[in-house]
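A closer look at the structure
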Amino acid sequence: MRRMAEEMQPSKEQSSWMLSWLPSWCPTSPSQLKNAEEKMLKIVKQPFSRQHVQISNSNYLWTLAFSTQPPPCSPPHLSAPTRPPLVVLHGFGGGVALWAQNLDSLSSSGPVYALDLLGFGRSSHPQFSTDPEGAEEQFLTALEEWREKVGLEEMVLLGHNLGGYLSAAYTLKYPHRIKHLLLVEPWGFPARPENPNHNSIPLWIRAMGAVMSPFNPLAGLRLAGPLGPMLVQTIRSDFKQKYSSVFDDNTVSDYIYHLNGQTPSGETAFKNMTIPYGWAKRPMLQRIGQIQADIPISFIYGSRSSIDSDSGYAFKTTRPEVEITVIRGAGHYVFADQPDDFNQTVLQILARTEKKKEDEGTI
C-alpha cells in the first residue's frame, strides 16, 4: 500500500474560478473551510495523513488516511493489516470531519480512509453532466481513479446517504474491489410514489420544493449571504446536540456552513440526479439485486430516522443473507447520534470480514 504524503495544496489556478463565482458578501472561502475542518478534527487522537489525491482532468479528492502503515519495529507477522481497508463516504452536504467521533474507533483495527466526494468539501468542484447517469458515472470514475492512485486492491466500502447510493453503484461496476458493502441510511433506493403529492410528504416540504425547484437544494444558504452561518445554526440546531459531548460551541454548524457555502458542484450533480422532492431518478432498489451474490451487504439505520428501513427489508426478501441493524435512539445521522453503538456495529462487521478473509486463506 502506497504511503500517502502529507497535505499538499492544489494550485491556485484550479480553485480561482471557484472563488470568482462566490458572492462577495458570502462569508466563506476554501481557507475558512480548511480552518473549520481542522477545528472539527482536533478531537481525533489517532495519527493520520491528509492529502489532495490527484485524479484525471486536474481534479483531486481530499483524503484522510488512518493506520495505513504498520507500527515501527512490529513483528513480521504484523507487518501488514489482515483486513481490507475501510473507505467511508459522506452524504449530501457532508464532509470528512463529520466522522470525527468515529475515526479513532474505526481505525483501531486497521486502515481507514475518509474522503470528500468529488464536488463536495475540499475536493475539486468540477462541472458535472446534466444527465443523471452521466453525473453518477463522474462520481464513480473519480472514486475508481482515487482507489488506483492510493493503491488499494480491495476495500470495505461504507457510505451514508448519497455516499451509500454511490457505494452501491460503485459495487455494481467494480465488484472485484469490494469485500463488504455497508449502507448507512442510504439515499435514493425507493422509486418515487406514483402520486407525487403523496400524503407521506409533509405540506411544507412540498411547498418548499415547488418554490426552490429551479435552484440547487442549498441555494438559500448562499443567498442568505452574511446571515448564512446563523441560518445553519437555526435550521440545523440538532447538529450541536449530536456533537455536544465533544463541542460546546458552533464548531459543527460553522463547518457545515463552510462545506455548503462553496461554489455548488456536487450539489448541482445531486439536483440533476433527483426528481421532486428528493427521489432518485435512477432508484438503486431497482439495480442493487445485480450486485454479485458473494459480496456481503449490510444496512445500518437509525430508529428515529426520517428514512425508513423498508428498502433494506425489501431487498432482504430477495437476498436473505443481507444484514440489517437498527440503532436505537439514532436519527438519519446515526454515526453522530449514537457514535459508540455505530462504531461497535461497524467494528463487528469488519471483524467478521477479517475472519472470512482468514478462513479463505486457509482453504
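These remarks concern the structure in this document. (Residues numbered from 1 in each chain as written. Predicted model: local features only at pLDDT ≥ 70, side-chain atom pairs only at ≥ 80, totals over all residues. Heavy atoms only, no water.)

1. Quick look at empty space enclosed by the protein
To be explicit about the condition: Using a grid of 1 Å spacing that covers the protein atoms alone, one calls a set of points a cavity when a 1.4 Å probe fits there but cannot get out, and a pocket when the set is open and has protein on both sides within 12 Å along at least five of seven lines; lining residues are those with an atom within 4 Å of a point. Grid points are joined across faces, edges and corners, and a volume is the space filled by probe spheres set on the points. Put simply, Ala, Val, Leu, Ile, Met, Phe, Trp, Tyr, Cys and Pro go in the nonpolar bin, Asp, Glu, Lys and Arg in the charged bin, and everything else, Gly too, in the polar bin.
Under the counting rule described, the total for this entry stands at 3 cavities of 30 Å³ or more. Its boundaries defined by the atoms lining it, the largest cavity holds a volume of some 70 Å³. Every residue along the wall of the largest cavity is listed here: Gly 119, Phe 120, Gly 121, His 125, Arg 222, Leu 259, Asn 260, Gln 262, Thr 263, Pro 264, Ser 265 and Glu 267. A class-by-class count of the residues in the lining of the largest cavity yields 3 nonpolar, 7 polar and 2 charged. What lines the second largest cavity is simply His 90, Gly 91, Phe 92, Gly 94, Gly 95, Leu 98, Trp 99, His 160, Tyr 333 and Phe 335. In terms of residue class, the lining of the second largest cavity is made up of 5 nonpolar, 5 polar and no charged.

2. Quick look at the side chain of Arg 177
What counts, and what does not: Runs of E in the DSSP output that reach at least two residues are strands. Runs of H or I that reach at least four are helices, and both are numbered from the N terminus. Whether two residues are in contact is decided by their heavy atoms, any of which lying within 4.5 Å being enough.
Here Arg 177 is to be found in the loop between helix 5 (162-173) and strand 6 (178-186). Dropping the residues within four chain positions of it, Arg 177 is found in contact with Arg 147, Glu 153, Glu 154, Met 155 and Tyr 170.

3. Remarks on the pairing of strand 9 (residues 297-302)
Selection rule: Accessibility here uses a 1.4 Å probe with only protein chains present; expressed as a share of the type maximum, an area under 20% marks a residue as buried, one over 50% as exposed, and anything in between as partly exposed. Should DSSP find at least two bridges between two strands, the strands are taken to pair.
Buried residues dominate strand 9, accounting for 6 of its 6 residues. Along strand 9, one buried face is formed by Ile 297, Phe 299 and Tyr 301 and the opposite face, lined by Ser 298, Ile 300 and Gly 302, is buried too. Alignment of strand 6 against strand 9, held across 4 bridges, turns out to be parallel. The residue of strand 9 that forms the bridge with Val 184 is Ile 300. Summarising the sheet, strand 9 and strand 10 (residues 323-327) pair through 5 bridges and their orientation is parallel.

4. Regarding the pairing of strand 2 (residues 60-66)
Counting buried positions over the 7 residues of strand 2 gives 7, a clear majority of the element. In strand 2, alternate side chains face the same way, and those of Tyr 60, Trp 62, Leu 64 and Phe 66 on one face and Leu 61, Thr 63 and Ala 65 on the other are all buried. By the bridge criterion, 7 bridges tie strand 1 (residues 48-54) to strand 2 in an arrangement that is antiparallel. Of the residues in strand 2, the one forming a bridge with Gln 54 is Tyr 60.

5. Focus: the sheet that holds strand 5 (residues 155-161)
What counts here: To get an axis, a line is fitted to the C-alpha atoms, and for a helix only the part in contact is used. The angle between two axes follows their N-to-C directions and goes from 0 to 180 degrees.
On the basis of which strands lie adjacent, the open sheet formed by 8 strands has the order 1-2-4-3-5-6-9-10 and mixed pairing. At either margin of the open sheet sits one strand with a lone partner, and together these are strand 1 and strand 10. Averaged over all pairs of adjacent strands, the angle between their axes in this sheet comes to 20°, without regard to strand direction. The pairing of strand 3 (residues 86-89) with strand 4 (residues 112-115) spans 4 bridges and is classified as parallel. Looking at the pairing, Leu 86 lines up with Val 112 of strand 4. Here helix 5 sits on the sheet and contacts strand 3, strand 5 and strand 6; the angle it forms with strand 5, its principal contact strand, is near 140°.

6. Side note on helix 10 (residues 251-260)
Within helix 10, 9 of the 10 residues are buried, which leaves the element mostly enclosed by the surrounding structure. Taken residue by residue, helix 10 has Thr 251, Val 252, Ser 253, Tyr 255, Ile 256, Tyr 257, His 258, Leu 259 and Asn 260 as its buried positions.

7. Describing the packing of helix 8 (residues 228-235) against helix 10
The cut-off we apply is this: Between 65 and 115 degrees an angle is taken as roughly perpendicular, under 35 as roughly parallel, over 145 as roughly antiparallel, and anywhere else as oblique. Handedness of a helix crossing follows the sense of rotation of the near helix relative to the far helix, less than a right angle counterclockwise being left-handed and clockwise being right-handed.
Contact geometry of helix 8 with helix 10 gives a least axis separation of 9 Å together with a crossing angle of 120°. Relative to helix 10, the element helix 8 lies oblique. The interaxial crossing formed by helix 8 with helix 10 has right-handed handedness. Taking contact as the criterion, the partners of Gly 228, Pro 229, Val 232 and Gln 233 in helix 8 are, on helix 10, Ser 253, Asp 254, Ile 256 and Tyr 257. For the contact of helix 8 with helix 10, the per-class residue count stands at 4 nonpolar, 3 polar and 1 charged.

8. Points about unusual backbone geometry
At Asn 57, a position not held by glycine, the phi torsion is positive, near 60°. Of note, Asn 57 is situated in the loop between strand 1 and strand 2. Of note in the backbone geometry, Asn 161 takes a positive phi value of approximately 60° without being a glycine. Mapped onto the elements, Asn 161 comes out in strand 5. The class for Asn 161 is buried, based on a relative accessible area of 11%.

9. Things to note about helix 8
The following threshold applies: Note: the arc covers the axis-to-C-beta directions of the helix.
Taken as a whole, helix 8 has its buried residues at Gly 228, Pro 229 and Val 232. When helix 8 is viewed along its axis, its buried side chains cluster within an angular range of 105° and face the same direction. For helix 8, the exposed residues set more than 90 degrees away from the buried face come down to Met 230 and Thr 234. Where helix 8 is buried, its residues meet helix 7 (219-223) and helix 10.

10. A word on the nonpolar core
Worth spelling out the cut-off: The term nonpolar core refers to a set of buried residues drawn from Ala, Val, Leu, Ile, Met, Phe, Trp, Tyr and Cys, joined through side-chain atoms within 4.5 Å.
If you look at the biggest cluster of nonpolar residues, it comprises 49 residues, and the most contacted ones within it are Val 87, Trp 146, Leu 162 and Phe 299. Of all the elements, helix 4 (residues 132-150) adds the most residues to this core, at 7 residues. Not counting chain neighbours up to four residues away, the residues in contact with Val 87 comprise Tyr 113, Leu 115, Trp 146, Leu 152, Met 155, Val 156, Leu 157 and Leu 158. The next biggest cluster of nonpolar side chains, apart from the first, holds 48 residues, and it includes Cys 26, Phe 48, Tyr 255 and Leu 347.

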